Amino acid sequence: MSVKHVASDVPSLDNVSGDLKRLGFTEYEAKVYVQLLGMPPSTAYEISKLAGVPRPNTYSALDSLARRGAVLPVRENPTCYVAARPRELLDAIARQTRSLCTGLTERLEAVTPRTDDHYVWTLRGDSAVHEHIDMLIDRSTETVWIKAADHVLRRHADGLREAAVTRGVRLLIVLFGTDADEFRYTEKCSVYIHENNGVRMGTADNLFTLAVDYREMLTANVEGDVIAAHSKNMPIVTMALSLIRHDYYMAEIFARFGDQIDEAFGPYLRDLRLPSFTPEQVASFRKNTGLGD
């Protein structure tokens, strides 16, 4: 029997095999599924040759893939297989996983002691930190308070819009930027330009700070070595709420009394800030504001 050689743009296994294995595929199952995506209805023999998988392992992989709906036998004598479309397959896996996790969460919560969570969890890496921010926004039900730079906040705009528009979550945002209207999705969205100018002056202004439903918080360094701390510890949550609340106060005060404040303390509160800044913060302040000694 001749083996069909089909010209196709089959993606490199190096790019997708690892991710399929994270979803529960074995190495052979991943190879067989990806190879079959670029083939017409094919026999196990044909798939085995092109995928570089031993024939007994190909039969086993096809049987397992058929049970999970990743491949479909379409002809007999000999049996030929086609691959399920990736979007349909992965959507089904996502639904099954979500349903499993929901049920498992309920069962595990039922045996978990009802104690306050005093821990502070550390997250590292850009993807892990921003995925966690998205998760916190997605599960908000009442309020989301944020202090952040506009270019960072845009990464989470879809989740914030969904929370505000669909679930009616109240947003309070202190923004390092110039366009407050960009994040005003409903009348429940209150957005304030930091100190009425939106300039990031010190290294602390590179932090992303988030408080959700008055019950949990996250603060992250999103520049350079991305690292975040997440906690439900109420004193720490209160500290994050107070930070954002007082910056909101300051934005309102600057909007009304900005000229008088500049006259009393110098532009950007220079005379208040510099004596309390570290040398690194002083250098950052001068670089970002253009102010000398």
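Every residue gets a number counted from 1 within its own chain, in the order that chain's sequence is written. Note on the predicted model: pLDDT of at least 70 is required for a residue's local features to be given, and 80 or more for side-chain atom pairs to be given and counted; whole-chain, interface and lining totals, by contrast, use all residues. Hydrogen atoms and water are omitted, and side-chain values are computed over all heavy atoms in the structure.

The protein goes by TrmB family transcriptional regulator in an unreviewed UniProt entry, where it is assigned to Bordetella genomosp. 8.

Topic: the sheet that holds strand E3 (residues 120-124)
What counts is decided by this rule: The rule for pairing is simple: two strands pair if DSSP sees at least two bridges between them. Where helices and strands are cited, they refer to DSSP runs of H or I of at least four residues and of E of at least two residues respectively, numbered from the N terminus. Orientation is described by axes fitted as lines to C-alpha atoms, over the contacting stretch for helices, and by angles from 0 to 180 degrees between their N-to-C directions.
Read from one edge to the other, the open sheet built from seven strands follows the order E3-E9-E8-E7-E4-E5-E6, with strand pairing classed as mixed. Strands with a single pairing partner mark the edges of an open sheet, and in this sheet they are E3 and strand E6 (189-193). Strand-to-strand twist in this sheet, taken as the mean axis angle between neighbours without regard to direction, amounts to 10°. Bridging between E3 and strand E9 (residues 227-231) involves five bridges; their strand directions are antiparallel. Paired with Trp121 across the two strands is His230, which belongs to E9.

A look at the domain arrangement of the protein
The condition that has to hold: Domain segmentation is taken from an automatic or database assignment of domains.
Splitting the protein by domain gives domain 1 (13-87) and domain 2 (120-289). Centre-to-centre, using C-alpha coordinates, domain 1 lies 48 Å away from domain 2.

Some remarks on a nonpolar patch on the surface
Operational definition: Here a patch means residues that are over 30% exposed by relative accessible area and free of salt bridges, tied together within 9 Å if like-charged and within 5 Å if nonpolar (Val, Leu, Ile, Met, Phe, Trp, Tyr). Computed with a 1.4 Å probe, the accessible areas rest on the Shrake-Rupley method; for each residue, only the protein chains presented here act as cover. Any Lys or Arg side-chain nitrogen located within 4 Å of an Asp or Glu carboxyl oxygen qualifies as a salt bridge.
Side chains of Leu104, Leu108 and Val111 sit close together on the surface and give an oily, nonpolar patch of about 290 Å² of accessible area. Structurally, Leu104 can be placed in helix H5 (residues 86-110).

Notes on the pairing of strand E5 (residues 170-176)
Applicable threshold: Exposure is judged per residue with a 1.4 Å probe applied to protein chains only, and the accessible area is read against the type maximum: over 50% gives exposed, under 20% gives buried, and values in between give partly exposed.
Where burial is concerned, most of E5 is hidden: six out of the seven residues are buried. In this structure, E5 lies alongside E6, joined through five bridges in parallel fashion. Along E6, the bridge assignment pairs Val174 with Tyr192.

A word on the pairing of E9
Pairing between strand E8 (residues 216-221) and E9: five bridges, direction antiparallel. Bridge pairing in E9 links Met217 to Ser231. Linking E8 to E9, which pair antiparallel, is a turn of five residues; within it Gly224 sits at a positive phi near 70°.

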